[in-house]
Amino acid sequence: MTFSILARDPDSGLIGGAAATGSLCVGGWVLRGRAGVGLSASQGASPSTLWGEAALDGMKAGESARDVVSRITTEDRGREFRQLSALGVSGPGAVFSGASNSPKIDDQVFDGGVAAGNLLASHAVVPAMVDAYLGTSGALAERLIAALFAAQDAGSDARGLFSAALLIVGPDRAPLTLRIDHSDDPLPALRGLLARATSGDYAFWARQVPTLNDPERTLD
C-alpha cells in the first residue's frame, strides 16, 4: 500500500528512488539499489523483499529491467498481491502490478524512470509523481522528493502517510539512504533529513568514504 518512483539522472550518473506509505518503515520494505546495477521497488498488499533483491541480481547478471520483472513475477504464484518496479543503469524501466492489490492501482514507465502505486486515493497520484519529477529542476534527490509531495497533493495513499524514504546510489559516491520510519508528516521530515545529510560535517565525511569506483578511499 505504497507509491514509489525510480529514476536515472544522466547528467550526474546517479540513480535513485523514493517511496511513501500509510504504514511503517517503507524504506526497509520497498527500495533496493546497487551502484552500477540499478534499482527496484517491491510493494503491494503482500510485498516481497525477495523480489527486490532478485531484480537487482538479475540486472547485475545482464537481464534487462523488463526481462527481470517478467521472470520474477511469472515464477511467483502470489504475484497478484504484489507490485514490482525495476530500473537499470541503462534502458527503459519496467513494472508489474498484481490485480489483487487494493484499488486504486496504477503504474507508469517514463523516459529514464518508472512510478507505481497501490491503495491510492486517486488515479491522479502516479501521473502527478511523474509530472513533478520531470518538471522539477535541480539535484536528483530534490526531484524525487518533489515527486512524493506531488503524489500526496494528488490524493496520496488512501490511509494518509506515516513513513517515507529516499535512496540514491552511484559509482562515485557512497549510498544515500534516508528513512523516516514513522511520522505524522513524513515528507517534510524526509526533506529536512536530506538537507542535514547533504550539508555540513556529515556531507564532508560522506565524500571521503569508499565508493564503487574508489573502494579504498579513506578520510584525508
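Heads up: the structure comes first, above all this text.
What you are looking at is a predicted structure, and each value in this text was computed from that prediction instead of being measured. Position numbers for residues count from 1 along each chain, tracking the sequence in the order it is written. For a predicted model such as this one, the threshold for reporting local features is a pLDDT of at least 70, and the threshold for listing and counting side-chain atom pairs is 80 or more; totals across whole chains, interfaces and linings nevertheless cover every residue. Values shown for side chains rest on all heavy atoms present in the structure; no hydrogens or waters enter the calculation.

A. Quick peek at the overall build of the protein. Looking only at helices and strands, one finds seven helices and 10 strands in the protein. In this setup the radius of gyration rests on C-alpha atoms only. A globule is expected at 2.2 Å times the number of residues raised to 0.38. Relative to the 2.2 N^0.38 estimate, which gives 17 Å for 220 residues, the radius of gyration of the protein is 16 Å and therefore close to what a compact globule would have. Along the first, second and third principal axes, the C-alpha atoms of the protein reach 55 × 40 × 30 Å. Scored against the burial criterion, the 220 residues of the protein give a buried share of 51%. Sequence separation of at least 24 residues holds for 52% of the intrachain contacts in the protein that already meet a minimum separation of 6. Just so you have it, the protein exposes about 9800 Å², and 52% of that area is on carbon and sulfur atoms. For the purpose of counting charges, residues Lys and Arg are taken to be positive, whereas Asp and Glu are taken to be negative. His and the chain ends are not included. Charge coordinates come from a single atom per side chain, which is NZ of Lys, CZ of Arg, CG of Asp or CD of Glu. One finds the centroid of the 18 positive side-chain charges in the protein at a distance of 3 Å from the centroid of its 24 negative side-chain charges. Strands here mean DSSP runs of E at least two residues long; helices mean DSSP runs of H or I at least four residues long; both are numbered from the N terminus. Only protein chains enter the calculation, and the probe is 1.4 Å; a residue is then buried if its accessible area is under 20% of its type maximum, exposed if over 50%, and partly exposed in between. Contacts are residue-level and defined by heavy atoms, with any inter-residue pair within 4.5 Å sufficient. Methods summary: accessible areas were calculated by the Shrake-Rupley approach with a probe of 1.4 Å, and residue burial reflects only the protein chains presented.

B. The arrangement of a nonpolar patch on the surface in detail. Residues Y202, W205 and L219 make up a contiguous nonpolar surface patch of about 340 Å² in total accessible area. Tracing the backbone through its elements, the reader meets W205 in helix 7 (residues 200–206). The class for W205 is partly exposed, based on a relative accessible area of 41%. Exposure above 30% relative accessible area and the absence of a salt bridge qualify a residue for a patch, where like charges join within 9 Å and nonpolar side chains (Val, Leu, Ile, Met, Phe, Trp, Tyr) within 5 Å. Basic side-chain nitrogens of Lys or Arg form a salt bridge, by our definition, when they fall within 4 Å of a carboxyl oxygen of Asp or Glu.

C. Representation of the sheet that holds strand 9 (residues 163–170). Strand order across the open sheet formed by six strands is 7-8-1-2-9-10, with antiparallel pairing between neighbours. Edge positions in the sheet fall to strand 7 (106–110) and strand 10 (173–180), since each has one partner strand and no second. Each strand of the sheet is rotated relative to its neighbour by a mean of 5 degrees, with strand direction disregarded. Most of the contacts of helix 4 (residues 125–135) go to strand 7, to which it runs at about 25 degrees, and overall it touches strand 1 (2–9), strand 7 and strand 8 (113–117). Fitted lines through C-alpha atoms give the axes, limited to the stretch in contact for helices. The angle between two N-to-C directions lies from 0 to 180 degrees. Contacts from helix 6 (residues 186–197) reach strand 2 (14–21), strand 9 and strand 10 within the one sheet, and its direction differs from that of strand 10 by about 150 degrees. The criterion for strand pairing is that DSSP finds at least two bridges linking the strands in question.

D. Here's a closer look at the pattern of salt bridges. On inspection of all chains with the given rule, the structure shows eight salt bridges. Here E53 makes a salt bridge to R34, at a shortest N to O gap of 3.3 Å. A residue pair is termed long-range when its members are at least 10 positions apart, and E53 in helix 2 (residues 49–60) and R34 in strand 3 (residues 31–34) qualify at 19 residues. Judged by its relative accessible area of 32%, E53 is partly exposed. Each of R32, R34, E53 and D57 takes part in salt bridges that share partners, so that together they form one network.

E. Broad picture of the sheet that holds strand 6 (residues 94–97). Judged by pairing direction, the sheet is antiparallel, and its four strands sit side by side in the order 3-4-5-6 without closing on themselves. Across the chains shown, the open sheet's two edge strands, defined by having one partner strand only, are strand 3 and strand 6. Averaged over all pairs of adjacent strands, the angle between strand axes in this sheet comes to 10 degrees, irrespective of strand direction. By the bridge criterion, four bridges tie strand 3 to strand 4 (residues 38–43) in an arrangement that is antiparallel. Considered in strand 4, the bridge of L31 is made with A41. Contacts from helix 2 reach strand 3, strand 4, strand 5 (83–88) and strand 6 within the one sheet, and its direction differs from that of strand 4 by about 160 degrees.

F. The packing of aromatic side chains, seen in detail. Each aromatic pair joins two rings of Phe, Tyr and Trp (for Trp, the six-membered one) with centres within 6.5 Å, and gets the label stacked for planes under 30 degrees apart, edge-to-face for over 60, and tilted for any other angle. Counted under the stated rule, the structure contains three aromatic pairs. Judged by centre distance (6.2 Å) and plane angle (70 degrees), the ring pair of W51 and F96 falls under edge-to-face. Of this pair, W51 sits in helix 2 while F96 sits in strand 6, placing them 45 residues apart in sequence. Looking at W51, the relative accessible area reads 4%, which means it is buried. The class of F96 is buried, set by a relative accessible area of 18%. Taking the centre distance of 5.9 Å and the plane angle of 50 degrees together, the rings of F110 and Y133 count as tilted. In this pair, F110 is assigned in strand 7 and Y133 in helix 4, connecting sequence segments 23 residues apart. Judged by relative accessible area, F110 falls into the buried class, the value being 9%.

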